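A closer look at the structure
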Amino acid sequence: MLLAHEQRMGEPVDVSADGENRHASARGGAMAALLAKPLAAFFRRRLGPGNEAEIEDLVQDVFLRTADQLNLAEEEHARAYVFRVAASVWIDRHRRRQARQADQHVSFDPDRHDTADRDLVRQLDARETLRAATLALADLPERTRAIFILRRIEGLAVREVAARLGLSTSAVEKHMVRALEHILTQTRAWR
Amino acid sequence: MSDRMPGDLDGLTPEQAAARLLLETDEADPVQAARLDAWLDQDPAHRQAWLDAQDVWASFDAADAHRPLDLPRRRARALRAGRSSVPWMAAAACVAAALALGLVLTPWRRATEAPAAVQRVVYEAAGQQRLLDLPDGSKAVLGAGGALDLAYGGNERRARLAHGRAYFDVAHDGSRPFVVEAGGRLITVLGTRFDVASDAEGLSVTLLEGSVRVTASGGDPVVLRPGQALVVAQGRTQVRQADEAATERWRETRVVFDDKPLSEVIVEMNRYAVLQLVIDDPQVAALRITGQFRVGDNARFARGLVRLYPLRAVPDGPARLKLVGVRSGRSLSSPDGPGAKR
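Parameters at a glance
Residues numbered from 1 in each chain as written. Chains lettered and ligands numbered in written order. Predicted model: local features only at pLDDT ≥ 70, side-chain atom pairs only at ≥ 80, totals over all residues. Heavy atoms only, no water. Phe/Tyr/Trp six-rings, centres within 6.5 Å; stacked < 30°, edge-to-face > 60°. Buried < 20%, exposed > 50% of the residue type's maximum accessible area, 1.4 Å probe, protein only. Lys NZ or Arg CZ within 6 Å of the ring centre and 35° of its normal. Helix = DSSP H or I, 4+ residues; strand = E, 2+ residues; numbered from the N terminus. Expected span 1.5 Å × (residues − 1). Polar contact = N/O pair within 3.5 Å; in protein donor to acceptor, adjacent residues only side chain to side chain. Salt bridge = Lys/Arg side-chain N within 4 Å of Asp/Glu carboxyl O. Core = buried A, V, L, I, M, F, W, Y, C linked by side-chain atoms within 4.5 Å. Contact = heavy atoms within 4.5 Å. pLDDT = per-residue confidence, 0-100. Pairing = 2+ DSSP bridges. Axes fitted to C-alpha atoms, helices over the stretch in contact; angles between N-to-C directions.

**Notes on the packing of aromatic side chains**
Scanning all chains against the criterion turns up nine aromatic pairs over all chains. Residues Phe42 of chain A and Phe43 of chain A carry aromatic rings whose centres are separated by 5.2 Å and whose planes lie at 90 degrees to one another, so their mutual orientation is edge-to-face. The burial state of Phe42 of chain A is the same as that of Phe43 of chain A; both residues are buried. Look at Phe293 of chain B and Phe301 of chain B: their rings are 5.1 Å apart centre to centre, the planes differ by 85 degrees, and that puts the pair in the edge-to-face class. Each residue in the set Tyr152, Phe168, Phe178 and Phe194 of chain B is aromatic and connected to the rest through ring pairs, giving one cluster. Of note, Arg46 of chain A hangs over the ring of Phe42 of chain A, and the distance from its end group to the ring centre comes to 3.6 Å. When the ring centre of Trp57 of chain B is taken as reference, the NZ or CZ atom of Arg152 of chain A above it lies at 5.0 Å.

**Remarks on helix H3 (residues 44–59) of chain B**
All names here are of chain B. Here H3 is 16 residues long and its end C-alpha atoms lie 23 Å apart, about the 22 Å a rise of 1.5 Å per residue gives. Here H3 lies mainly inside the structure; 13 of its 16 residues are buried. The N-capping residue of H3, defined by a side-chain oxygen 2.9 Å from the backbone nitrogen of Ala45, is Asp43.

**Observations concerning the pattern of salt bridges**
All names here are of chain B. The full count for this structure, using the stated rule, is 33 salt bridges over all chains. With a closest N to O distance of 3.0 Å, Arg165 and Asp195 form a salt bridge. Of this pair, Arg165 sits in strand S5 (residues 157–169) while Asp195 sits in strand S8 (residues 193–198), and the two are 30 residues apart along the sequence. Classification of Asp195 by relative accessible area gives buried; the value is 0%.

**Side note on the nonpolar core**
Leu137, Phe148 and Ile183 of chain A together with Trp39 and Phe60 of chain B are the most contacted members of the largest nonpolar core, which totals 41 residues. Breaking this core down by element, the ones donating at least two residues are helix H7 (126–138), helix H8 (142–153), helix H9 (158–165) and helix H10 (169–190) of chain A together with helix H1 (14–24), helix H2 (30–42) and H3 of chain B. If we skip the residues at most four places from it in the chain, Phe148 of chain A touches Leu137, Ile153, Met176, Ala179, Leu180 and Ile183 of chain A together with Trp57 and Phe60 of chain B. Membership of the second largest hydrophobic core comes to 29 residues, among which are Ala140, Tyr152, Leu207 and Val232 of chain B.

**What about unusual backbone geometry?**
Residue and element names in this part refer to chain B. Unlike most non-glycine residues, Asp259 shows phi in positive territory, near 55 degrees. Structurally, the position occupied by Asp259 is in strand S14 (residues 254–261). Residue classification places Asp259 among the partly exposed positions, given a relative accessible area of 32%.

**Some words on the confidence of the model for chain B**
All names here are of chain B. Averaged over every residue, the pLDDT of chain B is 79; the share at 70 or more is 82%. Across residues 83–117, where pLDDT falls below 50, the model places 35 contacts with residues more than four positions away in sequence or in other chains. Confidence over residues 328–342 falls short of pLDDT 50; this stretch has 24 contacts with residues more than four positions distant or in other chains.

**Let's talk about the sheet that holds strand S18 (residues 320–325) of chain B**
Residue and element names in this part refer to chain B. The mixed open sheet is built from three strands, whose spatial order is S15-S18-S17. Each edge of the open sheet is held by one strand with a lone partner, namely strand S15 (276–278) and strand S17 (311–315). Looking at each pair of strands side by side, their axes are set apart by 30 degrees on average, direction ignored. Direction of pairing for S15 relative to S18: parallel, over a ladder of three bridges. Bridging from a neighbouring strand, Gln276 pairs with Arg320 of S18. Relative to the sheet, helix H7 (residues 262–271) contacts S15, S17 and S18, its axis offset from that of S15 by approximately 165 degrees. Against the sheet, helix H9 (residues 298–308) contacts S15, S17 and S18, and its axis sits at roughly 145 degrees relative to S17.

Below you can see the structure in the form of structure tokens.
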């Protein structure tokens, strides 16, 4: 992307004042406003407070990525979709930061957030985390392990896993909880 | 889904509770989000455990490159209902597989019945590639020598790529999946951008954005993530990291503007993409733009704009993105900011 010529705008403009929104626009705007707050909360939950500028950028990124898919007529669907994208925006940010190894400099202020060891955890290479998680996965019963793998790595839906293994969806969900509990407990010990 | 809540968290370790919350909380649901926040605020150890859980969960994104997972993954994929090998078990496995595949295989069956196609269009690109405006608002670029055969019905939008190469930017329609038939595979999408090349040698499907599911008759469906390519060559199917640059080389992907107003620029950019950029502020419309741009990805273009200009992009109806001056955009995610009081 090259924008060789950059023109300065004078004062920032407040478009909402000119009132020439079309019908769809008004609806779209309302939807955006409705989603903006919970989306900001989604990122604040992960970043901690005091990072409002970055939170705003992340919300903007979600809007950019969802714009062409967002079906505003189906609010429930739109909401779920937007949050799926928010999750991937978060993961991408995480990856980018890890690549730059800049995480500990920018992201958290231990004094303010009172979680000094969060930085330590964050510094762990994602690969190390995966290695530890894989080890933990190995001592699960085969079926539980397989369910976790099918769901989390192979990307099957809960009902697809259930159909494949002849289980109820709630049984699959219970296996998932058991697997993740075990992995988290084990990797915690390892850390 | 939204009425479901994680079970009682009392008596669980932070890790156990975090596992449940991660798997069972729908953060899009305000009630569930509030409950999660309450738990996180209760104890720094809770927040820590939950953030760790997020990291662990995310770490599996790199599973493809982690060899120690290869064997457990193969075994997991081979696992079917019942482990003993009595004959009815095989049948059960088939039923299970059929259930798992039912959704995606339906189009095959429908294709052989009399299709109630509302609309049929055949496109051919004889000498050179063509930019196509499909009837549903989707965009396609058809490579030179290619042929694309559309059959749009009430339940499905089907496009058959008889031969050649095509790029698709699909308009979202949750009730009518867009299905591309190429090289003996079905590629099912809701709304996304991807590239398909099909010839006598094989097939390649490259996903640029969104998600698609590729199904061979009788095979397991393969779900592609953005940046992945499914390649069929000499009867073998492989999923690998896509060479996106190579995917774009064949089609016209650049336009050049020399000191043009943004309003003109977006008209040109909008020709190539489902996502339409709109402006209703004369000052935004008058911004002068110079440079070379990649077409077909308006979200990316908008992302570049908001980095360089005092602009924000705001969803504005289905597949519409409005470019607004920065002050009104600011109110979007800082509810306490001055812009919030309208």
